[in-house]
Amino acid sequence: MATQVKAVALISGGLDSMLAAKVVMEQGVHVEGVNFFTGFCVEGHTHAIRKRRGAKPKRNNALWVAEQLGVKLHIIDVVEEYKKVLLQPKHGYGQHLNPCLDCKIFMVNKALAWGFMQDGGFDFIITGEVIGQRPKSQRKATMPVIARESGAEDRLLRPLCALNLEPTLPEREGWVRRDELFGFEGRSRKPQMELAKRFGFTEWSQPAGGCCFLTDAQYSRKLTDLWRAHGHRNYELDDIMLLKVGRHIRPAPHFKLIVSREEGENRYLEGYRKRFTTLKSISHEGPLCLVDGQPGPGDIALAARVVARYGQGRNAPVVTVAAEEADGRRRELRVAPLTPPEIPVAWHV
Amino acid sequence: MSEAAEVLDVRGLLCPLPVIRAQDRIAGLVPGALLDVLATDPGTLQDVPAWCRVHGHQLVETQSCGGEIRIRIKVQ
Ligand code: SF4
């Protein structure tokens, strides 16, 4: 009996990687998916933080795709290793802080390494890349760079655009039939839609922009601000998680306020009470606020006035705000809420 | 009396971390073993069962009470 050929598919949760895996499965290859958690993923966290009430929590799209395909999905925590990718990208950044090319190289390399470590090993890697789909990272010239620098070389198969590239090992070895692969190119999504229809897929997620927060202008601005304030570019998971939550207001270089925008965020920020000074209006309903940095005594009074502005007491002459330090020490401040013009646009990170 | 189960405490973590931690713990368990996942993120109510389905593990029961979630998995 011939040995079963096995492939690892990078599954992002979007349509392209779903189709790529399916194309190869249709050829009788055993496929398992991997999905990487960098800390910047749009999946999961933010859905969990915001709008908890009412709407049911959003599904994890990568898991959902795996279920549709009937494949195992291994979700891998790469938060620590990813720092090097983000902080020193050999190929630089895209439009914002997205190091897409280095990120792809990293992920293909991790998928390869993961496959090697499994019993019996895996024969090749599948991605949903399409030439010309993304201006910087998915160009014809970057395809061989990813293959080479990831170490996958010709064990990297892109079923959706394989016909526009040289035959890879799986094709040459006859593990997959090249004439059943595709030659998609460019930004049009039409060929993908048609293929999805052919496979009977009626639903898929379409993350706007990309698979992670690093393609987001506002998020990238907040991250740059964080690095500037910290005086270095390193970060912890909590740092980058908090950038996804609340309004970020920096009245001065040495401190920043993170003000929740709704109940889900309030609850999430509650979990940080023992690590930050927190502010909350007690005379009126209002948001929870974390104070990040090294605020002086006068700064807390100013912060309290900002917090009061975002609560129900915004039009009241005086609002009482409780300030609690990380060690539990608590005091109350009676302050006049700032008016909107008193909060300069430049304070909003 | 309920059978003895291993406990994985992922309270305070947000998805997909609870799923990742459960997956990594289960990798070291033998078939038939029970794992109780304690979580607070409501996303786990959706993601942990989905992960169990794709890996063929059995979801024994799910309890959610006062913001605390307990999901019992039987390793297959
Ligand atoms: S959008 Fe984010 S996750 Fe996707 S390739 Fe670019 S950096 Fe990586």
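These figures come from a predicted structure and were not determined experimentally. (Residues numbered from 1 in each chain as written. Chains lettered and ligands numbered in written order. Predicted model: local features only at pLDDT ≥ 70, side-chain atom pairs only at ≥ 80, totals over all residues. Heavy atoms only, no water.)

1. Topic: the packing of helix H5 (residues 100-117) of chain A against helix H6 (residues 142-150) of chain A
Residues and elements named next belong to chain A. It is at 8 Å that the axes of H5 and H6 come closest, and there the two elements cross at 45°. By the angle between their axes, H5 is oblique relative to H6. Our pair here, H5 against H6, has a crossing hand that is right-handed. Each of Leu101, Lys104, Ile105, Val108, Asn109 and Leu112 in H5 lies in contact with H6, whose residues at this interface are Thr142, Val145, Ile146, Glu149 and Ser150. (Axes fitted to C-alpha atoms, helices over the stretch in contact; angles between N-to-C directions. Helix = DSSP H or I, 4+ residues; strand = E, 2+ residues; numbered from the N terminus. Parallel < 35°, antiparallel > 145°, perpendicular 65-115°, else oblique. Left-handed = near helix turned anticlockwise from the far one by under 90°. Contact = heavy atoms within 4.5 Å.)

2. Comments concerning the interface of chain B and chain A
Counting residues at the interface gives 18 residues for chain B and 23 residues for chain A. Note on chain B versus chain A: buried area summed over both sides is about 1800 Å², and carbon and sulfur give 64% of it. Three residues stand out in chain B for area buried against chain A, namely Leu14, Gln46 and Val54 of chain B, and they jointly supply 30% of the buried area on that side. Viewed at the interface, chain A and chain B are joined by two salt bridges. Among the salt bridges present, the one from Glu67 of chain A reaches Arg53 of chain B, with a minimum N-O distance of 2.4 Å. Linking chain B with chain A are five residue pairs in polar contact (both at pLDDT 80 or more), by the criterion used here. Partitioned by chemical class, the residues of the side of chain B that touches chain A number ten nonpolar, four polar and four charged. (Buried area = accessible area lost by both parts, 1.4 Å probe. Salt bridge = Lys/Arg side-chain N within 4 Å of Asp/Glu carboxyl O. Polar contact = N/O pair within 3.5 Å; in protein donor to acceptor, adjacent residues only side chain to side chain. Nonpolar A, V, L, I, M, F, W, Y, C, P; charged D, E, K, R; others polar.)

3. Quick look at the domain arrangement of chain A
Segmentation of chain A into domains returns domain 1 (6-213) and domain 2 (245-347). Between the C-alpha centres of domain 1 of chain A and domain 2 of chain A the distance comes to 41 Å. (Domains from an automatic or database assignment.)

4. What to know about the pairing of strand S1 (residues 6-10) of chain B
Residues and elements named next belong to chain B. Bridging between S1 and strand S2 (residues 34-39) involves five bridges; their strand directions are parallel. Among the inter-strand pairings, Leu8 is bridged to a residue of S2, identified as Val37. Tracing the backbone out of S1, into helix H1 (residues 17-26) and back to the parallel element S2 gives a crossover that is right-handed. (Pairing = 2+ DSSP bridges. Right-handed = clockwise from strand over helix to strand, strands pointing away.)

5. Let's talk about the pattern of salt bridges
Under the definition given, this model contains 28 salt bridges over all chains. Close ionic contact of Glu236 of chain A with Lys83 of chain A constitutes a salt bridge, the shortest N to O distance being 3.7 Å. Residue Glu236 of chain A is found in the loop between helix H9 (217-230) and helix H10 (237-242), and its partner Lys83 of chain A is found in helix H4 (residues 79-87); the two are separated by 153 residues along the sequence. Here the residues in one salt-bridge network are Asp36, Glu61, Arg70 and Arg72 of chain B, joined through shared partners.

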